[in-house]
Amino acid sequence: MSERYTGSDEFLAEIWNHTNVGVDNQEDWIDELSAIGVEGRQQFARTLRAAADALDAPTRHTPSVGSTSNNKKRPDGRARNDDNFDFTKYPSRHVALHVMYAGWEYKGFASQGAEQSGVATVEECLFRALKRVRLIAPDATWKNCDYTRCGRTDAGVSAVGQVVSAKLRCRVPFNDDGESEFDSTTFNESIADEDEIDYPATLNRALPQDIRVIGWAYVSPRFSARFACDFRHYKYFFANWGAGGLDFKAMNDAAGRLVGEHDYRNFCKMDAKNVHNYRRRINSCRVVTAADANDDGARGAMGLGGNGNGNGNGNGNNINTPGVAHIEVIGTAFLWHQVRCIAAVLFLVGLGREPPSIVSDMLDLTKFPRKPQYEMAPEEPLTLWRCAFGGVRFRTSKTARAQLELHAAQCTHRHMVRAGVWAETLAHVRVGEYIGGGCGGVDYDGEITHGHLDNGAATAEALSRVTALASAGEGVAAGGNARAAHVPLSRRATEPTYEERVEQIERTKKGRTS
């Protein structure tokens, strides 16, 4: 017995309006796509993909793509016409793309030729998708399509607000001669969704599941995603198990000392070969928890704010799942690994291992002329949350937005279910010795029992400290007590200074030329 497809009839109708599928009655065609069973799912997917491709193909107001007499076939059996696609016959214009990605499986965002060695980067996947859907020519390079990026993120780092720009194939031409006046807001608002290629919907069909384009905007030919950015906003997420784990007041005291223009060489991984100025400006730095519920974005879309149990009612003995808090850092530009180094030091302050004044001391090069050796925080919790541009207003069609919402919901569900498995495991191992129920579960009479938390079980405070220790790069001894292993930053071994690194580079150069 077939199942009724529960997708949007409006979306199917829109595809029908722009395609010739050989069905005279629109409702019959929608029913044909909607009424599918298990055996018909693959055929349904092929039909829908072909219709969607036809919707986005440049055939309504543009020249014919050409014949497919070369008889090449795609994996799904459709003709491949890339060789006959003449990009000189189509208009193009500069477009900015708002990109998100879960960077955990990638060796960073920026392509640095690493893909030739089989190393995957987000940027290479994006560039490959642009070619696949023929928004840029098959032989396009980063330079000849005017490609720019807002910033690079390191291996394992994610982004919700990355921005890139490039000269892409379009339907609405514009004089990109660099001389014409361009009003981004007015021009973007004057174009209806159906007049232009749906860049997010088109690209997302060719991108991996963990990379998505979530908006686009026309921009001036002089636009640079790197240099036009007003500020960059990072979030470093961490689990908050409830009261007593971290001293957020002390962490915010330390974070506030980072605000302003300073030399941050003690809060980064120094690159003396390429970077010679370590002064940067931080506009805002703070720790955000569920207690800051009135702040925009404090809780996040799912309400996963900072206090334990995710509901703002942290309890030191709660055995449920933790809340999600984050360290927020906003600035105009950042040094290599700067945010991760900041996070590591703030966690040490929150654990009581360092006073808030350690930040002021490390910013003072007379007190800390050398960077003390410490591990920076792990990369996976770090997210480039926003890149801000004045006058650039990104847009998303209703169709693309619906697809993105569904995809994001599916990914959220998958990760929350996996987290639920570990939360259940945590609940079991934390209860220690059950009282009265033996091992809990189902007793001999068939009644479900749950047991009680033994007084010796780990507290939320202990769990907060253990997870923060991991983020601070501190070793955790048996039993979760690593206090004895901590060496104050002021007494640790130090790294070479910038001047010493430069001298070493010069000696290496002389050795190669001699």
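Scroll up to find the structure.
In this text, all values refer to a predicted model and were calculated from it rather than measured experimentally.

S.K.: When you look at the pattern of salt bridges in this model, what are you seeing that I'm missing?
M.R.: Pairs may arise between side chains of opposite charge once their charged atoms sit close together. Inspection of the entire model under this criterion finds twelve salt bridges. The closest approach of N and O atoms between Glu261 and Arg279, which form a salt bridge, is 3.4 Å. Of this pair, Glu261 sits in strand S8 (residues 260-263) while Arg279 sits in strand S9 (residues 279-288); the two residues are 18 residues apart in sequence, bridging distant segments of the chain. By relative accessible area, which is 41% here, Arg279 ends up partly exposed. Note that Glu495 and Arg501 form a salt bridge whose closest N and O atoms lie 3.1 Å from each other. Each member of the salt-bridge network shares a partner with another, and the members are Glu261, Arg279 and Arg281.

S.K.: Sorry if this is basic, but what is going on with the layout of surface pockets here?
M.R.: Where empty space is left can be seen by rolling a probe of water-molecule size over the atoms. Put simply, the second largest pocket is a space of about 1,200 Å³. Forming the walls of the second largest pocket are 39 residues, and the residues nearest its centre are Gly151, Arg152, Phe334, Leu335 and Trp336. Only strand S4 (148-149), strand S7 (231-240) and helix H8 (338-350) provide two or more residues apiece to the lining of the second largest pocket. Considering every element that reaches the lining of the second largest pocket, the biggest residue donor is H8, with three residues. Along the lines of polarity and charge, the residues of the lining of the second largest pocket split into 18 nonpolar, ten polar and eleven charged.

S.K.: When you look at empty space enclosed by the protein in this model, what are you seeing that I'm missing?
M.R.: Summed over all chains, the structure comprises one cavity of 30 Å³ or more. Lining the largest cavity are Arg265, Asn266, Met270, Pro369, Arg370, Lys371, Glu495, Pro496, Thr497 and Tyr498. Class assignment of the residues belonging to the lining of the largest cavity gives a composition of four nonpolar, two polar and four charged.

S.K.: I tried to follow the packing of aromatic side chains on my own but got confused; where do I start?
M.R.: Working definition: an aromatic ring pair is given by the centre-to-centre distance plus the angle between the planes. Under the criterion given, the structure shown has twelve aromatic pairs. Look at Trp216 and Tyr218: their rings are 5.0 Å apart centre to centre, the planes differ by 85°, and that puts the pair in the edge-to-face class. We note that Trp216, like Tyr218, is buried. Aromatic ring contacts, followed pair by pair, group Tyr236, Phe238, Phe248 and Phe347 into a single cluster. Above the ring of Trp385, the side-chain terminus of Lys235 is found at 3.7 Å from the ring centroid.

S.K.: What exactly am I supposed to notice about the side chain of Thr202 here?
M.R.: Assignment of secondary structure puts Thr202 in helix H6 (residues 199-204). At 2.8 Å, the side chain of Thr202 and the backbone oxygen of Asp198 are in polar contact.

S.K.: I'm lost on the state of the cysteines in this one. Help?
M.R.: Cysteine pairs can be linked by a disulfide, which is a covalent bond between their two sulfur atoms. As enumerated under the stated definition, the model contains zero disulfides in all. With no disulfide of its own, Cys387 lies 3.2 Å from the sulfur of Cys150, the closest cysteine sulfur.

S.K.: Honestly, the packing of helix H7 (residues 248-256) against H8 in this entry has me stumped. Any pointers?
M.R.: Packed helix pairs are specified by the crossing angle of their axes together with the interaxial distance, meaning the distance between the axes. At a minimum axis separation of 8 Å, H7 and H8 run at an interaxial angle of 140°. In terms of orientation, H7 lies oblique with respect to H8. You can see that H7 and H8 cross each other, and the crossing is right-handed. Contacts between H7 and H8 involve Ala250, Met251, Ala254 and Ala255 from the first element and Leu346, Phe347, Val349 and Gly350 from the second. Looking at the contact of H7 with H8 residue by residue, the classes come out as seven nonpolar, one polar and no charged.

S.K.: Would you mind going over the environment of Pro496 with me for this structure?
M.R.: Note on placement: Pro496 falls in the loop between helix H11 (460-471) and helix H12 (498-513). Residue Pro496 is classed as partly exposed on the basis of its relative accessible area of 42%. With residues near it in sequence (within four places) discarded, Pro496 still touches Arg370 and Arg501.

Calculation notes
- Sequence order as written defines residue numbering, which begins from 1 separately in each chain.
- Per-residue local features are limited, in this predicted model, to residues with pLDDT of at least 70; the limit for side-chain atom pairs, both in listing and counting, is 80 or more; totals at the level of whole chains, interfaces and linings are taken over all residues.
- The basis for every side-chain value is the complete set of non-hydrogen atoms in the structure, without hydrogens or water.
- By convention in these notes, a salt bridge is any Lys or Arg side-chain nitrogen within 4 Å of a carboxyl oxygen on Asp or Glu.
- The secondary structure listing takes helices from DSSP runs of H or I that are at least 4 residues long and strands from runs of E that are at least 2 residues long, numbered from the N terminus.
- Relative accessible area decides the class of each residue, using a 1.4 Å probe on protein chains only: under 20% of the type maximum gives buried, over 50% gives exposed, and in between gives partly exposed.
- Cavity: a set of points on a 1 Å grid over the protein atoms alone where a 1.4 Å probe fits but cannot get out. Pocket: an open set with protein on both sides within 12 Å along at least five of seven lines, its lining residues, like those of a cavity, having an atom within 4 Å of a point.
- Grid points are joined across faces, edges and corners, and a volume is the space filled by probe spheres set on the points.
- Throughout, the ten residues Ala, Val, Leu, Ile, Met, Phe, Trp, Tyr, Cys and Pro are labelled nonpolar, Asp, Glu, Lys and Arg are labelled charged, and all others, Gly among them, are labelled polar.
- Any two of the Phe, Tyr and Trp rings considered here, Trp counted by its six-membered ring, make a pair once their centres fall within 6.5 Å; the pair's planes then place it as stacked at under 30 degrees, edge-to-face at over 60, or tilted in between.
- The criterion for a charge sitting over a ring is simple: Lys NZ or Arg CZ within 6 Å of the ring centre, and within 35 degrees of the ring normal.
- Under the rule applied, a polar contact is a pair of N or O atoms within 3.5 Å (in protein, one hydrogen donor and one hydrogen acceptor; residues adjacent in sequence only if both atoms are side-chain atoms).
- Counting rule for disulfides: a pair of cysteine sulfur atoms within 2.5 Å.
- Interaxial angle, 0 to 180 degrees, is taken between N-to-C directions of lines fitted to C-alpha atoms, where a helix line uses only the stretch in contact.
- Throughout this description, any angle smaller than 35 degrees is read as roughly parallel, any larger than 145 degrees as roughly antiparallel, any in the 65 to 115 degree range as roughly perpendicular, and the remainder as oblique.
- When the near helix sits turned anticlockwise from the far one by under a right angle, the crossing is termed left-handed; a clockwise turn instead gives a right-handed crossing.
- We call two residues in contact whenever any of their non-hydrogen atoms come within 4.5 Å of each other.

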